[in-house]
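As a plain string of letters, each chain reads:
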Amino acid sequence: MSYLAEVISGGAALFTPAVFGFMVLGFLIGTFFGAVPGLTAVLAIALLLPFTYSLDPVSALVMCASIFMSGMYAGSITATTVNIPGAPSSVMTAIEGYRLMQKGEGANALGHAALASMIGGAVGAVLLLVSMPITAELALYIKTPGKFSLILFALVVIVVAQRGEVAKAAAAAILGMMIATIGVDVMQPIPRLVFGTETLVEGINLMPLIIGTFAISEIMIQAQTRDDPALASAAGAAARALKRRDFIPRWSEVREIGFFTYLKSSLIGYGVGVLPGAGGSMAAFVSYAEAMRVSKKSGEFGKGSREGIAAAEAANNSMCGGAFVPMLMFGIPGDPTTAVVLGVLVINGLQPGPQLLTTQADLLGPMIGSLFFSALLLIPLSLFLFGPFFIRIVSISRPPLYTAIALVALVGAYVATYSMFQMALTLVFGVLAFALRRAGYPTVTLLLGFILGPSLEEYLRRTLTLSKGDPTIFLTSPDSLAFLLLTALFVFMLTRPRRAPI
Amino acid sequence: MNLLARLFVPISLIVFAVIYYIQAGEIRSLYDTGPIGAADFPKLLAVGLVVAVITAVGLDLRKAGRAERAEPVDWGGVGAALLVVAVCAVYVALFRVAGYFIATTAFGLALLAIFSRLKLNWLVALVEAVVLMAVIYGLFAGLFDVRLPAYPALDLLFGAGPAPEVSR
């Protein structure tokens, strides 16, 4: 059966009651986590990780996909209503949406955000579906030196993208790679860096690292801050001011933004998503900057531009589809969320790579379908049905919320392997991530260094063995040279000074 | 942020890198796996970490030198965060010994107290802790059919040694 036919027939599993229920549940969870400042879709999926031991792979991946899509969209809710982006990718939406809120057009702004998210998310899912076979074919041409250079490219881009903190990002990435070396060597059965213990011979599991880094450290950071009563009353006032009928964008406004803007923003978002470690905030920013550059009404940007909202939201939701490409084909996460989804794949015994299209196409169908239907159906439905309630999410009392998260995190760390050691390790990584975050070291590069480090070492050692120690093989091998040139290009593009749009 | 707070993490990372490098020096390969042995990549990483951290510290101190005013450290907030760690550590230590029900209720109550800065109605907080404990038990043990050590492990309490761990 052809790839497309297999994926589509596999996608029918999405419409079984249980799997569909998990998609809706994931959507609601992602919306909650995306809307509350301080919580993220990454955290939601990290907390979901222990549950995936008990869930079947289809349900787990469907939930992850809908959490990802809804989390990206939900950041626009509090961004618009109370000027606090629920997610970093909603910063540009906060700039424009809150201005509209102040002019009494908050519901209209939310409607535009939802429409753009819907279009961007659906386009991203379709692009993911059609681009996978092409990427899989290209992946087969990449040999061992090229694989090393590809992973090096991914790590360098992730590090350099942390503008202003490149040295700290590099340190965090290297630390992640160091943690990953604990255990058995990548090429021979000898223990390394086990510090005299037998327990560490098994290596460090991804799950305590993820839960500790995203959940425990966040709880520690939130312990330092206090409830803001002004925020709760602002949210209440905002919720009362919104009328459901105003959520539907006016056709004249949509025409003014133009179909081309939605499409271009979606393509930009998808393209940025394919880049390792780029994420929704970069997608939104690049698309927003481009929209402002070519807009006939560029003067409106920063003062309540619906075109700005559309560009940012279409891009950050389309990014969701793009981020899955390097993760599924190469095991290289496109953003922090897909890094955690990679953990879900690994826990379920699935290896990323081109073989997924032939051996696991029936898993990809429901997952891509979840991205598509979450964007096309659930985003507009949830806004219309629950919009005013979502705004009140920020007024949820923090003590029980973060206590619940801590409980789910630690108990989840235990149930995955019934290991007290894993539970303790979760806490250790939580403390480490907290200290790093407080000192300005980005923990996303720590995680990506941990995930990519073993492969980087393995391909480096294999390549030099094949070339009998000659390092010029990285330059003479065409695939490797291509990725090294790409690395140099991205370093140049990301490090040159640029003018901020506002 | 004062100098001590600013340098705590970098110094810790450098100390870790040194210990890691020494440990890497003790790795012995079983056979030749090419120009880069089992110990070489870890050693390279350790050196890389030290270089990156020193660069980061240099840039940080330069930024701090240009800043008009140093940010004060919120020691109260740091204290609350460390208290969370301490409570989590006690929870992990007592999870099997005291059993899920007792340990989790106490843990929940402690966290609620920390997040509320001790400004809470203790009875309401106890009810919240019990509810959270029950909901999470229902979620894991009920919905996902996961085994939790619900009751105190009398064998651990009276020194019979830990039960063997089950790994997946």
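Criteria and thresholds
Counting from 1, residues in each chain are numbered in the order their sequence is written. The naming scheme follows written order: chains are lettered A onward, ligands numbered 1 onward. It should be noted that, the model being predicted, local features are given only for residues of pLDDT at least 70 and side-chain atom pairs only at 80 or more, the latter also being counted only at that level, while totals for whole chains, interfaces and linings use all residues. The side-chain figures draw on all heavy atoms in the structure; neither hydrogens nor water molecules are used. Numbering goes from the N terminus for both helices and strands, where a helix is a DSSP run of H or I of at least four residues and a strand is a run of E of at least two. In this description, contact between two residues means that some pair of their heavy atoms is separated by no more than 4.5 Å. Lines fitted to the C-alpha atoms define the axes, with helices restricted to the stretch that makes contact. Angles between their N-to-C directions range from 0 to 180 degrees. Working definition: roughly parallel below 35 degrees, roughly antiparallel above 145 degrees, roughly perpendicular at 65 to 115 degrees, and oblique for all remaining angles. Whether a crossing is left-handed or right-handed is set by the direction in which the near helix is turned from the far one by less than a right angle, anticlockwise for left-handed and clockwise for right-handed. Residues are sorted three ways: Asp, Glu, Lys and Arg are charged, Ala, Val, Leu, Ile, Met, Phe, Trp, Tyr, Cys and Pro are nonpolar, and all the rest, Gly among them, are polar. For this analysis, a ring pair means two rings from Phe, Tyr or Trp (six-membered ring only for Trp) whose centres lie within 6.5 Å, classed as stacked if their planes differ by under 30 degrees, edge-to-face if by over 60, and tilted for the remaining angles. Exposure categories follow from relative accessible area, calculated using a 1.4 Å probe and restricted to protein chains: below 20% of the type maximum is buried, above 50% is exposed, and the middle band is partly exposed. Here the quantity called buried area is the accessible surface, traced with a 1.4 Å probe, that two parts lose on coming together, added over both. Every case where a carboxyl oxygen of Asp or Glu lies within 4 Å of a side-chain nitrogen of Lys or Arg is listed as a salt bridge. Distance and chemistry together define a polar contact, namely a pair of N or O atoms within 3.5 Å, with one atom able to donate a hydrogen and the other to accept it when in protein, and with adjacent residues in sequence counting only for side-chain atoms on both sides. The criterion is simple. A nonpolar core is a set of buried Ala, Val, Leu, Ile, Met, Phe, Trp, Tyr and Cys residues joined through side-chain atoms within 4.5 Å. Per-residue confidence from the predictor is reported as pLDDT, a score between 0 and 100.

Novice: Describe the environment of A:Ile405, listing the residues and the values that go with them.
Specialist: All names here are of chain A. As for its position among the elements, isoleucine 405 is in helix H18 (residues 398–417). In this structure the C-alpha to C-alpha distance between isoleucine 405 and alanine 44, which are 361 residues apart in sequence, comes to 9.4 Å. Apart from the residues within four sequence positions on either side, isoleucine 405 is in contact with Phe33, Leu39, Leu43, Leu47 and Ile219.

Novice: Describe the packing of helix H1 (residues 3–11) of chain A against helix H6 (residues 106–141) of chain A, with residues and values.
Specialist: All names here are of chain A. Between H1 and H6, the least distance of the axes is 11 Å, while the angle of their chain directions is 140 degrees. With respect to each other, H1 and H6 are oriented oblique. Here H1 runs over H6; the crossing is right-handed. Only Leu128, Leu129, Met132 and Pro133 of H6 make contact with H1, whose side of the interface consists of Tyr3, Leu4 and Val7. Here the residues of the contact of H1 with H6 sort into 7 nonpolar, no polar and no charged.

Novice: I'd like a rundown of the packing of aromatic side chains, residues and numbers included.
Specialist: Residue and element names in this part refer to chain A. Across all of its chains, the model carries 18 aromatic pairs over all chains by this definition. Judged by centre distance (5.3 Å) and plane angle (90 degrees), the rings of phenylalanine 372 and phenylalanine 373 are edge-to-face. Look at phenylalanine 372 and you get partly exposed, because its relative accessible area is 24%. Judged by relative accessible area, which is 23%, phenylalanine 373 ranks as partly exposed.

Novice: How would you explain the packing of helix H3 (residues 41–48) of chain A against helix H15 (residues 336–347) of chain A if you had to name every residue and give the values?
Specialist: Residue and element names in this part refer to chain A. Put simply, H3 and H15 touch, their axes get as near as 9 Å, and they point 10 degrees apart. Taken together, the axes of H3 and H15 lie roughly parallel to each other. Here Val42, Ile45 and Ala46 of H3 lie close against H15, whose contacting residues are Pro336, Thr337, Val340 and Val341. Classifying every residue of the contact of H3 with H15 gives 6 nonpolar, 1 polar and no charged.

Novice: Outline the interface of chain B and chain A, listing residues and values.
Specialist: Taken together, the 70 residues of chain B in the interface contact 69 residues of chain A. Buried surface at the junction of chain B and chain A, both sides included, amounts to about 6100 Å², of which 75% is carbon and sulfur. One can count 2 salt bridges joining chain B with chain A. Two residues, A:Glu165 and B:Lys63, come together in a salt bridge whose shortest N-O distance is 3.4 Å. At the surface where chain B touches chain A, the tally comes to 10 residue pairs in polar contact (both at pLDDT 80 or more).

Novice: How would you sum up the environment of A:Tyr73? Please name residues and give values.
Specialist: Residues and elements named next belong to chain A. Secondary-structure assignment places tyrosine 73 in helix H4 (residues 57–82). It is 29 Å that separates the C-alpha atoms of tyrosine 73 and threonine 495, two residues lying 422 residues apart in sequence. Excluding its chain neighbours within four sequence positions, the residues that come into contact with tyrosine 73 are Ala114, Ser117, Glu313, Asn317, Ile379, Ser382 and Leu383.

Novice: Describe the nonpolar core, with residues and values.
Specialist: Where a protein is soluble and globular, its nonpolar side chains tend to be buried together. Formed by 198 residues in total, the largest nonpolar core has its most connected members in A:Leu328 and B:Tyr91. At 14 residues, the largest contribution of residues to this core is made by H4(A). Other than its neighbours up to four places away in sequence, A:Leu328 contacts A:Met132, A:Leu345, A:Pro352, A:Gly353, A:Leu356, A:Leu364 and A:Met367.

Novice: Quick one: what's the story with the confidence of the model for chain A, residue by residue and with numbers?
Specialist: Of all residues in chain A, 95% have pLDDT values of 70 or greater, and the mean over the chain is 86. For chain A, helix H10 (residues 229–241) of chain A is the element with the lowest average pLDDT, namely 66, and helix H8 (residues 166–180) of chain A is the one with the highest, namely 95.

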